[in-house]
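Examination of the molecular architecture
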Amino acid sequence: MTVTVSMHFVNELFRGLPRTPQTQVTYLKRAGISPFLLEAPHGRVTVEQFAKLYRLLVEALDGQLPRPKGRGL
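So, here is what we can say about the structure in this document. (Residues numbered from 1 in each chain as written. Predicted model: local features only at pLDDT ≥ 70, side-chain atom pairs only at ≥ 80, totals over all residues. Heavy atoms only, no water.)

As for the overall build of the protein chain
Counting its secondary structure elements, the protein chain contains three helices and two strands. Helices and strands in the protein chain line up, N terminus first, as β-α-α-β-α. The proportion of buried residues among the 73 residues of the protein chain is 30%. In the protein chain, of all internal contacts separated by at least 6 residues, the share reaching a separation of at least 24 is 65%. For the protein chain, the accessible surface area stands at approximately 5,000 Å², while carbon and sulfur atoms represent 56% of it. (Helix = DSSP H or I, 4+ residues; strand = E, 2+ residues; numbered from the N terminus. Buried < 20%, exposed > 50% of the residue type's maximum accessible area, 1.4 Å probe, protein only. Contact = heavy atoms within 4.5 Å. Areas by Shrake-Rupley, 256 points an atom, 1.4 Å probe, with all protein chains shown as cover.)

Details of helix H2 (residues 21–30)
Among all positions of H2, only Gln 24, Tyr 27 and Leu 28 are buried. Down the axis of H2, the sector holding all buried residues measures 100°, keeping them to one side. Pointing more than 90 degrees away from the buried face of H2 are the exposed residues Gln 22 and Lys 29. Residues of H2 that are buried make contact with helix H1 (7–14) and helix H3 (47–60). (Arc of directions from axis to C-beta.)

With respect to the nonpolar core
It is characteristic of soluble globular proteins that their nonpolar side chains tend to be buried jointly. Residues Val 10, Phe 14, Leu 28, Val 45, Leu 53 and Leu 57 are the most contacted members of the largest nonpolar core, which totals 16 residues. Taken together, the elements giving at least two residues each to this core come down to H1, H2 and H3. Here Val 45 is in contact with Val 3, Thr 4, Val 5, Met 7, Val 10, Ile 33, Leu 37 and Phe 50, once residues within four sequence places are set aside. (Core = buried A, V, L, I, M, F, W, Y, C linked by side-chain atoms within 4.5 Å.)

Concerning the pattern of salt bridges
With the rule as written, the count across this model stands at one salt bridge. For the salt bridge of Arg 15 with Glu 12, the shortest nitrogen-to-oxygen distance reads 3.6 Å. Accessibility expressed as a relative area gives 36% for Arg 15, which makes it partly exposed. (Salt bridge = Lys/Arg side-chain N within 4 Å of Asp/Glu carboxyl O.)

So, in structure tokens, the structure goes:
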């Protein structure tokens, strides 16, 4: 059985970051996630894909955690 994560949490990683669709698409593709899933209400990604996206964003933000101000994931 493959463990998956809701796209809700992927979208939450992008909250608080500059919202440029091309930037989001670039990170999603680097993490192996189809950009079409951003619009899929019930879309899911593997834990491995989610973790890779998270690491890519942390690296891009110089170690800052990608999360909205005042909110956790």
